[in-house]
Amino acid sequence: MNLILLGPPGAGKGTQARMLGEAHDLVQLSTGDMLRAAVDAGTKVGKQAKVTMEAGKLVSDDIVIGIISERIDEPDCSTGFILDGFPRTVAQAEALDELLVQKNKKLDVVFEIRVDDERLIKRITGRFTCANCGEGYHEEFRRPEQDGICDKCSGTEFSRRKDDNEETVRSRLTAYHTQTVPLIGYYGNSSRLKSVDGMLEIDSVFKQIEVALTEL
Ligand code: AP5
Ligand code: MG
């Protein structure tokens, strides 16, 4: 099964992708995580992407399409993947459709996670992540069971993203509304789109997706 999670910054794409990945043995493909890894490693792509990401703008289509095309070819993707944060422009969606045909794969469903803008700011500014395993947390909405210790790996180091400040989040939201929202029409027209209410708590959002998957 191959699926896309579409939604604004802070909608819960990464949170749901990790849960779905575990439940269905699917690989999470987050272009944001891949680009951050490239920035940390100081690669050519990372150097090109760094300033754009810190400004909350979208990295060029060519870069992200190239990254995804290579990643989908890796053996772990053969049983299925979850695209988290890709595609984000109509050009990326068109390129993905072409890539999937070339690679003899198909897209089963696109989930649009809907959340109001003001809630998103609160989600993003309160987010922190386990530096060891990448598990995501929130100061208010999803604290570790024991403060300072990751539930998944018992790690004790946590990190925050450079682009998780209110000013950059507003730019990311503008990019979402102008460049990514047209994808709702793109996928809606071909009946591949299902919308879920992302305002509910994490487990309830997960349940909505699970119910929709059983109906496929
Ligand atoms: P990316 O890393 O994809 O960031 P984003 O889209 O802005 O999304 P986030 O990761 O911030 O949010 P999320 O939806 O994953 O939410 P999460 O689950 O963490 O992209 C970063 C940058 O990379 C972009 O700005 C761009 O520059 C570049 N980029 C990436 N992909 C690109 C592409 N395809 N093309 C061009 N450029 C690209 O949840 C957020 C918080 O809320 C967490 O603390 C979580 O615990 C909490 N939470 C989650 N769900 C709930 C809930 N239901 N209730 C309460 N709290 C919740
Ligand atoms: Mg994310």
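Structure first, text after, so check above.
This report concerns the structure included in the present document.

## Considerations on the overall build of the chain
- Along the backbone of the chain there are nine helices and eight strands.
- Taken over the C-alpha trace, the chain has a radius of gyration of 17 Å; the compact-globule value for 216 residues is 17 Å, and the two agree within 12%.
- Taken over 216 residues, the chain has a buried fraction of 43%.
- Considering only residue pairs separated by 6 or more positions, the chain has 69% of its internal contacts joining residues 24 or more positions apart.
- Summed over all atoms, the accessible surface of the chain reaches about 11100 Å², with 48% contributed by carbon and sulfur.
- Computing the positive centroid from 28 side-chain charges and the negative centroid from 36, the chain places the two 2 Å apart.

## Quick notes on the site of ligand 1
- The full set close to ligand 1 counts 35 residues, and T15, K57, R88, R127 and R172 are the nearest of them.
- In this structure, G85 approaches ligand 1 through a main-chain N or O atom, which is 2.9 Å from a nitrogen atom.
- A distance of 3.0 Å separates a nitrogen atom of ligand 1 from a polar atom in the side chain of Q92.
- Relative to its unbound accessible area of 1000 Å², ligand 1 is 96% covered by the protein chains.
- Broken down by secondary-structure element, the contributors of at least two residues to the shell around ligand 1 are α1 (13–24), α2 (31–41), α6 (117–125), β6 (136–138) and α9 (202–214).
- With four residues, α2 is the single largest residue contributor to the shell around ligand 1.
- Broken down by class, the residue content of the shell around ligand 1 amounts to 15 nonpolar, ten polar and ten charged.

## A short note on the packing of α1 against α9
- Across the interface, α1 lies against α9 with an axial gap of 10 Å and an inter-helix angle of 50°. The pairing of α1 with α9 is recorded here as oblique in orientation. Viewed along their axes, α1 and α9 form a crossing whose handedness is right-handed. For the pair formed by α1 and α9, the contact residues are T15, Q16, M19, L20, A23 and H24 on the first element and I202, D203, V205, F206, I209, E210 and L213 on the second.

## Observations regarding the packing of aromatic side chains
- Under the criterion given, the structure shown has four aromatic pairs.
- Ring centres of F128 and Y137 lie 5.8 Å apart, and the angle between their planes is 25°; this geometry places the pair in the stacked category.
- Among the residues examined, Y137 registers a relative accessible area of 3% and is labelled buried.
- Look at F128 and F158: their rings are 5.5 Å apart centre to centre, the planes differ by 80°, and that puts the pair in the edge-to-face class. With F128 in strand β5 (residues 127–130) and F158 in strand β7 (residues 158–159), this pair connects stretches of sequence that are 30 residues apart.
- One aromatic cluster is present, formed by F128, Y137 and F158 through successive ring pairs.

## Observations concerning α6
- Among the residues of α6, those classed as buried are L120, I121, R123 and I124. Across the axial projection of α6, the buried residues extend over an arc of 165°, all falling on one side.
- Those residues of α6 that are buried lie in contact with β5, β6 and α7 (166–180).

Calculation rules
Residues numbered from 1 in each chain as written. Chains lettered and ligands numbered in written order. Predicted model: local features only at pLDDT ≥ 70, side-chain atom pairs only at ≥ 80, totals over all residues. Heavy atoms only, no water. Helix = DSSP H or I, 4+ residues; strand = E, 2+ residues; numbered from the N terminus. Rg over C-alpha atoms; globule rule 2.2 N^0.38 Å. Buried < 20%, exposed > 50% of the residue type's maximum accessible area, 1.4 Å probe, protein only. Contact = heavy atoms within 4.5 Å. Areas by Shrake-Rupley, 256 points an atom, 1.4 Å probe, with all protein chains shown as cover. Lys, Arg positive; Asp, Glu negative; His and termini not counted. Charge placed at Lys NZ, Arg CZ, Asp CG, Glu CD. Near = heavy atom within 4 Å. Polar contact = N/O pair within 3.5 Å; in protein donor to acceptor, adjacent residues only side chain to side chain. Nonpolar A, V, L, I, M, F, W, Y, C, P; charged D, E, K, R; others polar. Axes fitted to C-alpha atoms, helices over the stretch in contact; angles between N-to-C directions. Parallel < 35°, antiparallel > 145°, perpendicular 65-115°, else oblique. Left-handed = near helix turned anticlockwise from the far one by under 90°. Phe/Tyr/Trp six-rings, centres within 6.5 Å; stacked < 30°, edge-to-face > 60°. Arc of directions from axis to C-beta.

So, to be careful, I would describe these as geometric facts and stop short of saying anything about function.
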